[in-house]
Amino acid sequence: PSGRYLGVSLAVVFFVFNGTATTGIYTVWFVGGVRCVEETAAALSDVAMALENLTRLRMHGFGLSIDDYGTGYASMQQLMRIPFTELKIDQSFVTGSSSRSATHTLIQSSIEMAHRLGIKSVAEGVETQKDWDALKTAGCDGAKGTFLCL
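Not measured: the values here are computed from a predicted model. (Residues numbered from 1 in each chain as written. Predicted model: local features only at pLDDT ≥ 70, side-chain atom pairs only at ≥ 80, totals over all residues. Heavy atoms only, no water.)

A short note on the pairing of strand 6 (residues 120-124)
Here is step 1 of the chain: Counted residue by residue, strand 6 has four buried out of five residues, so it is predominantly covered.
Here is step 2 of the chain: As paired elements, strand 5 (residues 86-89) and strand 6 share four bridges and run parallel to each other. Residue Lys88 lies in a different strand from strand 6, and its bridge partner there is Val122.
Here is step 3 of the chain: Relative to strand 7 (residues 142-144), strand 6 runs parallel, the two being bridged by three bridges. Residue pairing for strand 7: Glu124 is matched across the bridge by Lys144.
Here is step 4 of the chain: Remark: the strand 6/helix 5 (residues 129-138)/strand 7 crossover connection has right-handed handedness. (Buried < 20%, exposed > 50% of the residue type's maximum accessible area, 1.4 Å probe, protein only. Helix = DSSP H or I, 4+ residues; strand = E, 2+ residues; numbered from the N terminus. Pairing = 2+ DSSP bridges. Right-handed = clockwise from strand over helix to strand, strands pointing away.)

Now the structure itself:
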């Protein structure tokens, strides 16, 4: 869905699914009537627990976003295991990427991979018109950053 996102960051959230209590670091997004949960990379370190929690959230109609893709635990391995609906490319790759060809190639590849997996791509850390134009040309579905807030 297009439009603006409302994100609610929660440091630690307590969930109960089928009588099982679990905790994690989550951000809950509301886009129109669509719910999306973003589990941070650090919370993915316990893969079995994360897979169980995130699969249950998907079954309840939540979209799932992998944050900080390209760094830490936010890897291709996680994309294979968890039913994400959105891939957020880390700002460390995005900011200034239009003037760094190797970085721009990595971003283009990530966007193409996301689309082939049937998930949305979002670039974080867009700070210039030049970066924004390059991302749009590469087919990025969405973006976050100071440039877009001006």
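After that view of the structure, there is still more to cover.
Structural notes on the nonpolar core
Here is step 1 of the chain: Counting residues in each nonpolar core, the largest one holds 21 residues, and the members touching the most others are Leu79, Phe84, Leu87, Val94 and Leu135.
Here is step 2 of the chain: Of all the elements in the fold, those that place two or more residues in this core are helix 1 (47-59), strand 4 (63-69), strand 5 and helix 4 (101-116). (Core = buried A, V, L, I, M, F, W, Y, C linked by side-chain atoms within 4.5 Å.)

Examining unusual backbone geometry
Here is step 1 of the chain: A positive phi angle, near 60°, is found at Asp68, a position not held by glycine.
Here is step 2 of the chain: With respect to the helices, strands and loops of the structure, Asp68 is situated in strand 4.
Here is step 3 of the chain: A relative accessible area of 24% means that Asp68 is categorised as partly exposed.

Topic: the environment of Lys130
Here is step 1 of the chain: Positionally, Lys130 belongs in helix 5.
Here is step 2 of the chain: Distance in space between the C-alpha atoms of Lys130 and Gly96 is 8.5 Å, their sequence separation being 34 residues.
Here is step 3 of the chain: The residues touching Lys130, leaving out its near neighbours within four places in the chain, are Ser98 and Ser99. (Contact = heavy atoms within 4.5 Å.)

Overview of the pattern of salt bridges
Here is step 1 of the chain: One pass over the structure, following the stated rule, counts four salt bridges.
Here is step 2 of the chain: Glu86 is the salt-bridge partner of Lys120, the closest N and O atoms lying 3.6 Å from each other. One end of the pair, Lys120, is in strand 6; the other, Glu86, is in strand 5, and 34 residues separate them in sequence.
Here is step 3 of the chain: The exposure class of Lys120 is partly exposed, given its relative accessible area of 25%.
Here is step 4 of the chain: Across the pair Glu124 and Lys144 runs a salt bridge whose closest N-O atoms are separated by 3.3 Å. In this pair, Glu124 sits in strand 6 while Lys144 sits in strand 7, placing the two residues 20 residues apart along the sequence. (Salt bridge = Lys/Arg side-chain N within 4 Å of Asp/Glu carboxyl O.)

As for the side chain of Glu86
Here is step 1 of the chain: Looking at Glu86, the relative accessible area reads 4%, which means it is buried.
Here is step 2 of the chain: Of the polar contacts made by the side chain of Glu86, one reaches the side chain of Ser65; its length is 3.0 Å. (Polar contact = N/O pair within 3.5 Å; in protein donor to acceptor, adjacent residues only side chain to side chain.)

Re helix 4
Here is step 1 of the chain: For helix 4, with 16 residues, the first-to-last C-alpha span of 22 Å sits near the 22 Å given by 1.5 Å per residue.
Here is step 2 of the chain: Buried within helix 4 are the following residues: Thr103, His104, Ile107, Ser110, Ile111 and Ala114. All buried residues of helix 4 fall inside an arc of 120° around its axis, so they share one side. When the buried face of helix 4 is taken as reference, the exposed residues oriented beyond 90 degrees from it are Ser101, Ala102 and Arg116.
Here is step 3 of the chain: Looking at the buried residues of helix 4, the elements they touch are strand 4, strand 5, helix 3 (91-94), strand 6 and helix 5.
Here is step 4 of the chain: Downstream of helix 4 by one or two residues, Gly118 has phi in the positive range, about 80°. (Expected span 1.5 Å × (residues − 1). Arc of directions from axis to C-beta.)

Worth remembering: the numbers are spatial, not functional.
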